[in-house]
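# Structure at a glance
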Amino acid sequence: YDTEWIVRAMTPTAKPLGQLALAMGASANTAGAWQLARDFAADPRALTDAAARLGTDDGSGRRRVLLVVDQFEELFTLCLDEDERQAFVDNLVTAAAEPDGAFVLFMALRGDYYAHCARYPSLRDLLPGRHEMLGPMSSDDLRRAIEEPARQGNWALEDGLVELLLRDVGREPGSLPLLSHALLGTWQQREGRRLTLRGYVATGGVSRALTHTAEKTYASLNPAWQAVARAVFVGLTQVGDNGRYTRRRATRAELLEGVEQAEWLDQVLTVLADARLITIAEYSVEVAHEALITEWDRWSQWLEEDRENLQTRRSLGESAASWLKSNREPEALLRGRRLAKLREWADAHPDKLNALDREFLDVSVAAAQR
């Protein structure tokens with residue numbers, strides 16, 4: 001092969017076969033696009049054939065095709081048709097496994113969705129030894145992420161701007177997303193080809209860029225998903241001893257409580273993660289930056305409306321954790337008026353309890369009845 005590559009990029013969305021057809025050169029909203037998507041659905045070698053056609057030029061040689069599938073987790077969160085999921089995976093794996101290597105597949109997948117790939121034996125067999133796990137970026141990594149693209153694009157950075165950006169971003173779990181928010185706002189306030197401290201300050205820094213994104217993302221959701229988003233954000237908050245709101249890690253199971261349909265939660269989490277408002281680890285979900293809690297007016301309003309519930313849930317959670325830490329000693333159970341109050345609250349707010357809270361209350365009630 002010569003050194004020329006044909007590079008195509010896509011995200012699965014809710015219709016991965018249609019997006020694959022567009023990525024492989026079909027024109028949008030045409031009979032050809034629909035036909036190619038149908039071919040993918042019917043034949044696992046259809047992508048191999050499409051890549052061969054795409055890589056054949058005017059006779060001077062064959063070119064290699066690189067397909068980049070970003071946000072691969074959308075296959076599990078947005079696509080609800082299992083047959084389409086299977087056909088998409090079958091086409092990717094078949095094309096990538098061709099012995100001549102003319103087709104190269106690059107997938108970007110959030111770590112918490114890696115286990116979902118095991119549902120598909122061909123994909124499960126393909127991944128071992130071919131994946132790279134990426135951890136959080138260091139300060140030096142973040143500095144290079146600012147300075148190198150600026151240098152390559154011939155953009156000037158005012159002295160002190162990089163240091164201020166790194167200080168404001170800090171060591172948050174979503175540091176790179178926060179940095180991208182801040183840099184975009186600063187670039188929009190640029191002076192010629194120069195990014196300035198004045199421009200960064202004019203954007204309101206990290207906090208305002210983040211709240212603008214939060215409000216825009218929330219407004220893009222339908223009413224049912226907005227309700228799920230509210231439950232997620234409130235579920236990722238706790239009231240501290242000083243009465244201030246702080247973020248908390250929550251499991252998907254905790255956030256699922258009170259959500260009408262489980263797939264809605266996965267879809268909303270994907271939207272929020274793509275907007276860099278939350279970060280998702282293998283077993284937990286967390287707010288990308290604590291400033292969002294205090295700076296986003298909508299979230300502050302939700303929290304004020306739910307303050308009493310948050311305080312009660314915190315009290316119950318602390319008592320349940322103490323009981324668990326004591327190896328479930330009977331002396332750590334709830335009694336008397338406090339038990340009656342928390343039981344009444346739990347009956348009125350069943351969606352606010354996690355599994356440990358429920359067990360703790362049930363055991364406390366049973367002990368009191370005995």
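Above this text is the structure in question.
Residues numbered from 1 in each chain as written. Predicted model: local features only at pLDDT ≥ 70, side-chain atom pairs only at ≥ 80, totals over all residues. Heavy atoms only, no water.

The next thing to look at is the overall build of the chain. A count of helices and strands for the chain gives 19 helices and nine strands. Taking the principal axes of the C-alpha coordinates as reference, the chain spans close to 85 × 55 × 40 Å. Taking as baseline every contact in the chain between residues at least 6 positions apart, the subset at least 24 positions apart corresponds to 67%. Counting 45 positive and 56 negative side-chain charges, the chain places the averaged centre of each group 3 Å from the other. (Helix = DSSP H or I, 4+ residues; strand = E, 2+ residues; numbered from the N terminus. Contact = heavy atoms within 4.5 Å. Lys, Arg positive; Asp, Glu negative; His and termini not counted. Charge placed at Lys NZ, Arg CZ, Asp CG, Glu CD.)

With that settled, consider the environment of Asn 222. The topology assignment puts Asn 222 in the loop between α11 (205–219) and α12 (223–235). A relative accessible area of 38% means that Asn 222 is categorised as partly exposed. In sequence terms Asn 222 and Gln 261 are 39 residues apart; their C-alpha atoms lie 14 Å from each other. A distance of 3.1 Å separates the side chain of Asn 222 from the backbone nitrogen of Ala 224, its partner in a polar contact. (Buried < 20%, exposed > 50% of the residue type's maximum accessible area, 1.4 Å probe, protein only. Polar contact = N/O pair within 3.5 Å; in protein donor to acceptor, adjacent residues only side chain to side chain.)

Taken together, three strands build an open sheet; the order of strands is β1-β2-β3 and the sheet is parallel. Two strands close off the open sheet at either side, each with one partner strand: β1 (5–10) and β3 (103–107). Going across the sheet, the axis of each strand differs from the next one's by a mean of 15°, ignoring polarity. With six bridges joining them, β1 and strand β2 (residues 64–69) adopt parallel strand pairing. In the strand pairing of β2, Ala 9 is matched with Val 68. Contacts from helix α1 (residues 16–23) reach β1 and β2 within the one sheet, and its direction differs from that of β1 by about 150°. (Pairing = 2+ DSSP bridges. Axes fitted to C-alpha atoms, helices over the stretch in contact; angles between N-to-C directions.)

Every α-helix winds through 3.6 residues per turn, so residues three or four apart in the chain are directed the same way. Between its first and last C-alpha, helix α19 (residues 355–369) extends 21 Å over 15 residues, near the 21 Å set by a 1.5 Å rise per residue. Within α19, the full set of buried residues consists of Asp 357, Phe 360, Leu 361, Ser 364 and Val 365. The buried residues of α19 all sit within an arc of 125° when viewed along its axis, so they share a single face. Facing away from the buried surface of α19 by more than 90 degrees, the exposed residues are Ala 355, Asp 362 and Gln 369. (Expected span 1.5 Å × (residues − 1). Arc of directions from axis to C-beta.)

Within this structure, the stated rule accounts for twelve aromatic pairs. Plain terms: the ring middles of Phe 233 and Trp 302 are 6.2 Å apart, the flat faces sit at 25° to each other, and that makes the pair stacked. Of the two residues, Phe 233 is situated in helix α12 and Trp 302 in helix α16 (residues 297–305); the sequence distance between them amounts to 69 residues. An identical accessibility class is assigned to Phe 233 and Trp 302; each is buried. Centre to centre, the rings of Trp 296 and Trp 299 are 6.4 Å apart; their planes meet at 80°, and the pair counts as edge-to-face. Each member of the pair, Trp 296 together with Trp 299, is buried. Three or more aromatic residues link up through ring pairs in this structure, and these residues are Tyr 218, Phe 233, Trp 296, Trp 299 and Trp 302. Directly above the ring of Trp 155 sits Arg 193, whose terminal nitrogen or CZ lies 3.9 Å from the centroid. (Phe/Tyr/Trp six-rings, centres within 6.5 Å; stacked < 30°, edge-to-face > 60°. Lys NZ or Arg CZ within 6 Å of the ring centre and 35° of its normal.)

Here the focus is α16. All buried positions along α16 are accounted for by Trp 299, Trp 302 and Leu 303. Viewed end-on, α16 has its buried residues packed into an arc of 95°, placing them on one side of the element.

Their axes nearest at 8 Å, the elements α1 and helix α2 (residues 31–42) cross at an angle of 120°. Compared by their axis directions, α1 and α2 come out oblique. With respect to the hand of their crossing, α1 and α2 are arranged in right-handed fashion. Where α1 approaches α2, its residues Leu 17, Gly 18, Leu 20, Ala 21 and Leu 22 are matched on the opposing element by Ala 33, Leu 36, Ala 37, Phe 40 and Ala 41. Residue composition of the contact of α1 with α2, by class: nine nonpolar, one polar and no charged. (Parallel < 35°, antiparallel > 145°, perpendicular 65-115°, else oblique. Left-handed = near helix turned anticlockwise from the far one by under 90°. Nonpolar A, V, L, I, M, F, W, Y, C, P; charged D, E, K, R; others polar.)

It is worth spelling out the pattern of salt bridges at this point. Under the criterion given, the structure shown has eleven salt bridges. The partner of Arg 252 in a salt bridge is Asp 266, with the nearest N and O atoms 2.8 Å apart. Placement of the pair is Arg 252 in helix α13 (residues 252–256) and Asp 266 in helix α14 (residues 262–274), with a sequence separation of 14 residues. For Arg 252, a relative accessible area of 34% translates into the label partly exposed. For Asp 266, a relative accessible area of 15% puts it in the buried group. (Salt bridge = Lys/Arg side-chain N within 4 Å of Asp/Glu carboxyl O.)

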